[in-house]
Amino acid sequence: KAGVTQTPRYLIKTRGQQVTLSCSPISGHRSVSWYQQTPGQGLQFLFEYFSETQRNKGNFPGRFSGRQFSNSRSEMNVSTLELGDSALYLCASTWDSWNNSPLHFGNGTRLTVT
Amino acid sequence: EDQVTQSPEALRLQEGESSSLNCSYTVSGLRGLFWYRQDPGKGPEFLFTLYSAGEEKEKERLKATLTKKESFLHITAPKPEDSATYLCAVSENRDDKIIFGKGTRLHILP
């Protein structure tokens, strides 16, 4: 069974640009969550999508947005990039987080903003 | 504000030297507590879910326990391949957000 796939693996962008990251969940998983990981703050919750609807959102500015497609694939977008957005962005899928089913993570997209 | 705190931040042990990692949490109603392992350059990998105080789960050299306010990850006779960052996370009854602690970086010396 294929795991969670995130693309691209690495990205280098300039301040002010925007970026789109992609996540393909495990087949059959309907919930996709996104996290930002930095050395200082650890893993911080961005948002969760379930059946194409945003079900939960963390405390990030509106520059961070996401969506989920009918095949459960998800994208997140960051507009007007800032230096502080440099981080590892992790996507995780699960059948349904309400049932405490464990999150399955991809290996992340490493975003560097210069 | 709800919080998940892990200690210590980093731990160096000799191979075979047992120890415990701590995760303390403050949530209004715990729905589940999770332990994950993360290797460098990879996403976290699920280890355990605990639901209620008194519960214990084991996997190889790892045992996770849960009380009303904290969880411990006990590592018995660790090997160098157990070196990783161990993350604790909680979900609460009011929503399905899963909140992570900052992790404990464990290094096992051969």
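Up top is the structure these notes are about.
Residues numbered from 1 in each chain as written. Chains lettered and ligands numbered in written order. Predicted model: local features only at pLDDT ≥ 70, side-chain atom pairs only at ≥ 80, totals over all residues. Heavy atoms only, no water.

## Describing the overall build of chain B
Logical step 1: Along the backbone of chain B there are zero helices and eleven strands.
Logical step 2: Counted from the first residue to the last, chain B has its helices and strands arranged as β-β-β-β-β-β-β-β-β-β-β.
Logical step 3: Relative to its full complement of 110 residues, chain B shows a buried share of 48%.
Logical step 4: A separation threshold of at least 6 residues defines the contact pool for chain B, and within that pool the share at least 24 residues apart is 55%.
Logical step 5: With the model as given, the accessible surface of chain B reaches about 5400 Å², and the carbon-plus-sulfur share is 48%.
Logical step 6: In chain B, 15 side chains carry a positive charge and 17 a negative one; their mean positions are 1 Å apart. (Helix = DSSP H or I, 4+ residues; strand = E, 2+ residues; numbered from the N terminus. Buried < 20%, exposed > 50% of the residue type's maximum accessible area, 1.4 Å probe, protein only. Contact = heavy atoms within 4.5 Å. Areas by Shrake-Rupley, 256 points an atom, 1.4 Å probe, with all protein chains shown as cover. Lys, Arg positive; Asp, Glu negative; His and termini not counted. Charge placed at Lys NZ, Arg CZ, Asp CG, Glu CD.)

## Some points on the environment of Lys63 of chain B
Residue and element names in this part refer to chain B.
Logical step 1: For Lys63, the position within the fold is in strand β7 (residues 62-66).
Logical step 2: As a C-alpha pair, Lys63 and Glu81 span 18 residues in sequence and 16 Å in three-dimensional space.
Logical step 3: Once residues lying within four places of it in the same chain are set aside, the contact partners of Lys63 are Glu56, Lys57, Glu58, Phe72, Leu73 and His74.

## Structural notes on the interface of chain B and chain A
Logical step 1: Taken residue by residue, the interface counts 22 residues in chain B and 23 residues in chain A.
Logical step 2: For the chain B and chain A pair, buried surface summed over both sides reaches about 1800 Å², with 51% attributable to carbon and sulfur atoms.
Logical step 3: At the level of elements, β4 (30-38), β5 (45-50), β9 (84-92) and β10 (98-100) of chain B are the ones that each hand at least two residues to the side of chain B that touches chain A. (Buried area = accessible area lost by both parts, 1.4 Å probe.)

## Examining the nonpolar core
General note: in soluble globular proteins, nonpolar side chains tend to be found buried as a group.
Residues and elements named next belong to chain B.
Logical step 1: Leu33, Trp35, Leu73 and Tyr86 are the most contacted members of the largest nonpolar core, which totals 23 residues.
Logical step 2: Those elements that place two or more of their residues in this core are β2 (10-14), β3 (19-26), β4, β5, β7, β8 (70-75), β9 and β11 (104-109).
Logical step 3: Ranked by the residues each element gives to this core, the list is headed by β9, at four residues.
Logical step 4: Residue contacts for Tyr86: discarding those within four places in its chain leaves Gln6, Leu21, Trp35, Tyr36, Arg37, Leu47, Leu62, Leu73, Gly103, Thr104 and Leu106. (Core = buried A, V, L, I, M, F, W, Y, C linked by side-chain atoms within 4.5 Å.)

## Here's the deal with the side chain of Thr49 of chain B
Logical step 1: Locating Thr49 of chain B in the fold gives a position in strand β5.
Logical step 2: Overall, the relative accessible area of 5% leaves Thr49 of chain B in the buried class.
Logical step 3: Setting aside chain neighbours within four positions, we find Thr49 of chain B in contact with Asn100 of chain A together with Leu33, Phe34, Glu55 and Lys57 of chain B.

In short, the description is geometric, and any link to function would need to be established separately.
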